[in-house]
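Descriptive analysis of the structure
This is what each chain is made of:
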Amino acid sequence: MKTNMGVIAGVRVSHDHATLDDIESARLGSDADAVTALLDEPGIREAFVVQTCHRVEAYVVADDESTGDRALAAVFEDSPVVGMNHEASLRHLLRVAAGLESVVVGEDQIMGQLRDAFEAARGADAIGTVLREAVTKALHVGERARNETSINEGVVSLGSAATRLADRETGLDGASALVVGAGEMGALAAKAFDASDAENLVVANRTVTHAEWVLEELETASAAVSLDALSEHVASADVVVTATGSDDPVVTKKTVQGAGETFLVDLGQPRDVAPAATAVEGVSVRDLDDIEAVTDATRDRRADAAREVERIVTEEFERLLAQYKRKRADEVIATMYESAERLKARELDTAFSKLESEGELSESQRESVEALADSLVSQILAAPTRSLRDAAEEDDWQTIATALELFDPDLDGSSPLVDADPSAWAAAESEDD
């Protein structure tokens, strides 16, 4: 007997309600480690976790929402999470991919981060039908948002927002710039410096060849160096943007001692700049919270595009719900056909026994009888099939439960398909959303 598809429960710790310290403390190691921890909880079938500078979000699939909620609470017990039911989780995931939930509205990096998180979850065998369709739909929404609207015009990354903040507060005309980290964020910051009035640029990274790759497409006078020489290059830099994936600060008090007037923007999560560094005279440090001052103007300019993206999100959200409902109906329809096939097989055996008692049947005669039986089953079930799909679209789960009992009376209403009422999915989103 088939079981129900399951429902999604989700939680998030993100910049809209939590501090950087909250987000940092909520992190669960790697994305693969995070989904593995969730799969270890009783009753969890699927899991997906995305962790970025400004958010830690987790989604699980279980037979019912309460099981998912319990698993998420066990893993995120000390974090200030916002809980999301099935529909709220789906809508929020689509909004995240569209860039509507980002500090920099419409930023592009979230698409790559979602893809990486999806691959990590797949690698941990944490993705099944429900989350595969949800994440696939989210990525589709993200692509539509950027292809069909101007949501990602202007400041489109934290890297470019960091250089904009530096230009606003200390000026970049003729400045010496240093980027620490050669990952995606560091590369975007380097490109933003390249497009500014900075005079020269240094990219420092643990692996120098990676830093050299970042410089290949830049026109500004630049150099790639090792992190071993970080103190020397911080001392000669006017502006520093840090964006590493290090678990520990790479810029310490000792690193900036004697550096003089230096403006640092820390994009690391966890933080790249040790708190003690801010006590050094002449050193100014800004972090991800300060980036919001730069992105507010971008948010205002993108308001019209955001409204259009909201329309896309709503449109695709309704399609996704309908898609899930069709699949739920298909489970019931499959049960109906299985019941009919069992009845057909039993009646064919009876018919063949009676016919063969009067003389042996040829192969063509047997095929004709079987074809007749197949045709009758298909014709009889065609109308109920359409009705069940319509019932699912209209959240008429009582009709579906009744159909199960009619076509498989032995269930006695105990099937998970009857017990798991997907109408709960239609519950209103929480006030927090």
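Conventions and cut-offs
Residues numbered from 1 in each chain as written. Predicted model: local features only at pLDDT ≥ 70, side-chain atom pairs only at ≥ 80, totals over all residues. Heavy atoms only, no water. Phe/Tyr/Trp six-rings, centres within 6.5 Å; stacked < 30°, edge-to-face > 60°. Lys NZ or Arg CZ within 6 Å of the ring centre and 35° of its normal. Pairing = 2+ DSSP bridges. Helix = DSSP H or I, 4+ residues; strand = E, 2+ residues; numbered from the N terminus. Axes fitted to C-alpha atoms, helices over the stretch in contact; angles between N-to-C directions. Buried < 20%, exposed > 50% of the residue type's maximum accessible area, 1.4 Å probe, protein only. Patch = residues over 30% accessible without salt bridge, like charges linked within 9 Å, V, L, I, M, F, W, Y side chains within 5 Å. Areas by Shrake-Rupley, 256 points an atom, 1.4 Å probe, with all protein chains shown as cover. Salt bridge = Lys/Arg side-chain N within 4 Å of Asp/Glu carboxyl O. Contact = heavy atoms within 4.5 Å. Core = buried A, V, L, I, M, F, W, Y, C linked by side-chain atoms within 4.5 Å. Parallel < 35°, antiparallel > 145°, perpendicular 65-115°, else oblique. Left-handed = near helix turned anticlockwise from the far one by under 90°. Nonpolar A, V, L, I, M, F, W, Y, C, P; charged D, E, K, R; others polar.

This part is about the packing of aromatic side chains. Applying the stated criterion across every chain, the model contains 1 aromatic pair. Sitting over the face of the ring of F317, R91 holds its NZ or CZ atom 4.3 Å from the ring centroid. A cation over an aromatic ring shows up here: R366 above the ring of F352, its NZ or CZ 4.1 Å from the ring centre.

Think of a sheet as strands paired side by side through backbone hydrogen bonds, with each pair either parallel or antiparallel. Strand order in this open sheet of 6 strands is β7-β6-β5-β8-β9-β10, and the pairing throughout is parallel. The open sheet is flanked by β7 (221-226) and β10 (283-286), the only strands paired with a single partner. Averaged over neighbouring strand pairs, the angle between their axes works out to 20° when direction is ignored. Bridge analysis of strand β9 (residues 262-266) against β10 gives 4 bridges, and the strand direction is parallel.

Here we take up the pairing of strand β5 (residues 176-180). Where burial is concerned, most of β5 is hidden: 5 out of the 5 residues are buried. In β5, alternate side chains face the same way, and those of S176, L178 and V180 on one face and A177 and V179 on the other are all buried. Here β5 pairs with strand β6 (residues 200-205) via 5 bridges, running parallel. Bridge pairing in β6 places L178 opposite V202.

A surface patch of nonpolar side chains, about 310 Å² in accessible area, is lined by L372, L376 and I380. Residue position: I380 is located in helix α14 (residues 363-393). Given a relative accessible area of 59%, I380 falls into the exposed group.

Next up on the list: the pattern of salt bridges. Enumeration over the complete set of coordinates arrives at 21 salt bridges. With a shortest N-O distance of 2.7 Å, E101 and R95 are connected by a salt bridge. Given the relative accessible area of 19%, R95 is considered buried. With its nearest N and O atoms 3.0 Å apart, the salt bridge here joins E143 to R115. A residue pair is termed long-range when its members are at least 10 positions apart, and E143 in helix α6 (residues 129-148) and R115 in helix α5 (residues 109-123) qualify at 28 residues. In this structure E143 comes out as partly exposed when scored by relative accessible area, which is 36%. The partly exposed category is assigned to R115, whose relative accessible area is 35%. Each of the salt bridges in this network shares a partner with another, and the network as a whole consists of K137, R144, E148, E308, R311, E315, E316 and R319.

Secondary-structure assignment places A9 in strand β1 (residues 7-14). You can call A9 buried: its relative accessible area is 1%. For A9 and R70, which are 61 residues apart along the polypeptide, the C-alpha to C-alpha distance reads 9.6 Å. Ignoring anything within four residues of it in the chain, the contact list for A9 reads A58, Y59, V60, E65, G68, D69, L72, M84 and S89.

Trans peptide bonds make up most of the peptide bonds, and negative phi angles are found at most residues other than glycine. That bond from Q269 to P270 is cis: its omega, 5°, falls within 30 degrees of zero. Counting through the fold element by element, P270 comes out in the loop between β9 and β10. The backbone of D125 sits at a positive phi, close to 55°, despite the residue not being glycine.

Looking now at helix α8 (residues 184-194). An α-helix turns once per 3.6 residues; consequently, residues spaced three or four apart project the same way. The complete set of buried residues in α8 reads M185, G186, A187, A189, A190, A192 and F193. Buried residues along α8 sit against α5, α7 (158-169), β5, β6, α9 (208-215) and β8 (239-242).

The biggest cluster of nonpolar side chains holds 62 residues, and the ones touching the most others in it are I8 and F48. The dominant element in this core, judged by the number of residues it contributes, is helix α13 (residues 303-356), at 9 residues. Excluding its chain neighbours within four sequence positions, the residues that come into contact with F48 are V35, E57, A58, Y59, L93, L114, A117, F118, A121, I127, L131 and V135. Within the second largest apolar cluster, 35 residues are counted, among which are L158, A175, A177 and V239.

Between α7 and α8, the least distance of the axes is 7 Å, while the angle of their chain directions is 45°. Here α8 runs oblique to α7, going by the angle between their axes. Considering the relative orientation of α7 and α8, their crossing is right-handed. Side by side, α7 and α8 meet where L158, G159, S160 and T163 of the first sit next to M185, L188, A189, A192 and F193 of the second. The residue makeup of the contact of α7 with α8, split by class, is 6 nonpolar, 3 polar and no charged.

By themselves, these observations are geometric and do not establish any function.
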